[in-house]
Amino acid sequence: MILPGSVFSLLFLFLLVSSILSSHAAIPDYLRKELVLERLPFCTDFAWPDDTTMLVALKMGIVYRFTLNNDNNQWTNRQIALDLRNVTCAHGEHGLGALTYSAEFGVYLYYTHDVTQRCLESTTQGPVNRLMRYQYNRNTGRLVQPQQLLQTPIVAHAFHDGGQMQFLNGLLYMGLGD
């Protein structure tokens, strides 16, 4: 059985290898090309709260929840778990950049928050990047009880936002860009 974290590692490896290889090169025997989800514009990250639930982050500020249909082994029942579009700047490298899950601590999101409702590129009124923690409600499939953990100073330009996150030994590690 492949664990969800292993699937992420294999998917990342596949994407890395496929970007390096030319379009005419054969896929190595140890990798498998398989379409899991489609029609998700600018997917930035994903996590598994359990073996039958997948959370998928989109740059525009949406987190979708999918459930695994055991009859056909397909991810189905797309549902919005969280919608931050009205407070997310999603131009350039801004947007919902990272999502991770910890059974002990909940769901963590890193995104560019629109303070002024205009997504200005300004040193005095620009957006900020936020690290937020949510609880995952298994009954409703929603992310609830938001808690702001970190807010960066104003991000005047839409590049070098960073935001990759990973739990290791109970600690959250995060790359913030430069």
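As shown above, the structure is provided for reference.
Everything in this summary refers to the structure shown in the same document. (Residues numbered from 1 in each chain as written. Predicted model: local features only at pLDDT ≥ 70, side-chain atom pairs only at ≥ 80, totals over all residues. Heavy atoms only, no water.)

### Concerning the sheet that holds strand β4 (residues 74-83)
Turning to step 1, where the next piece is worked out: Strands sit in the order β1-β2-β3-β4 across an open sheet of 4 strands; the sheet is antiparallel. Taken across any chain shown, the strands that pair with only one partner, and hence form the sheet edges, are β1 (43-50) and β4. Ignoring which end each strand starts from, the neighbouring axes of this sheet average 25° apart.
Turning to step 2, where the next piece is worked out: Sheet topology places β1 next to strand β2 (residues 53-58); 5 bridges connect them, and they run antiparallel. Residue pairing for β2: F46 is matched across the bridge by V56. (Pairing = 2+ DSSP bridges. Helix = DSSP H or I, 4+ residues; strand = E, 2+ residues; numbered from the N terminus. Axes fitted to C-alpha atoms, helices over the stretch in contact; angles between N-to-C directions.)

### Points about the side chain of R130
Turning to step 1, where the next piece is worked out: In this structure, R130 sits in strand β7 (residues 128-137).
Turning to step 2, where the next piece is worked out: Salt bridges are absent for the buried R130, whose nearest opposite-charge side chain, D114, sits at 10.0 Å.
Turning to step 3, where the next piece is worked out: A polar side-chain atom of R130 sits 3.3 Å from a polar atom in the side chain of H113.
Turning to step 4, where the next piece is worked out: A polar side-chain atom of R130 sits 2.8 Å from a polar atom in the side chain of Q151.
Turning to step 5, where the next piece is worked out: Excluding its chain neighbours within four sequence positions, the residues that come into contact with R130 are L109, Y110, Y111, H113, Q148, L150 and Q151. (Buried < 20%, exposed > 50% of the residue type's maximum accessible area, 1.4 Å probe, protein only. Lys, Arg positive; Asp, Glu negative; His and termini not counted. Salt bridge = Lys/Arg side-chain N within 4 Å of Asp/Glu carboxyl O. Polar contact = N/O pair within 3.5 Å; in protein donor to acceptor, adjacent residues only side chain to side chain. Contact = heavy atoms within 4.5 Å.)

### Topic: the side chain of R133
Turning to step 1, where the next piece is worked out: Tracing the sequence through the fold places R133 in strand β7.
Turning to step 2, where the next piece is worked out: Buried charge without a salt bridge: R133, with E104 as the nearest opposite-charge side chain at an N-O distance of 8.9 Å.
Turning to step 3, where the next piece is worked out: Within the structure, R133 has its side chain in polar contact with the side chain of Y108 (distance 3.2 Å).
Turning to step 4, where the next piece is worked out: Engagement of the side chain of R133 in a polar contact is seen with the side chain of Q147, the distance being 2.5 Å.

### A closer look at the environment of T112
Turning to step 1, where the next piece is worked out: Within the fold, T112 resides in strand β6 (residues 106-113).
Turning to step 2, where the next piece is worked out: In this structure, the C-alpha to C-alpha distance between T112 and V87, residues 25 residues apart in sequence, is 8.2 Å.
Turning to step 3, where the next piece is worked out: A distance of 2.8 Å separates polar atoms of two side chains, one belonging to T112 and the other to N129.

### Structural notes on the sheet that holds strand β8 (residues 142-151)
Turning to step 1, where the next piece is worked out: On the basis of which strands lie adjacent, the open sheet formed by 4 strands has the order β5-β6-β7-β8 and antiparallel pairing. The open sheet has two free edges, formed respectively by β5 (96-102) and β8, since each of these has just one partner strand. Between one strand axis and the next, the sheet turns by 25° as a mean value, whatever way the strands run.
Turning to step 2, where the next piece is worked out: Both β6 and β7 contribute to a ladder of 7 bridges, which runs antiparallel.

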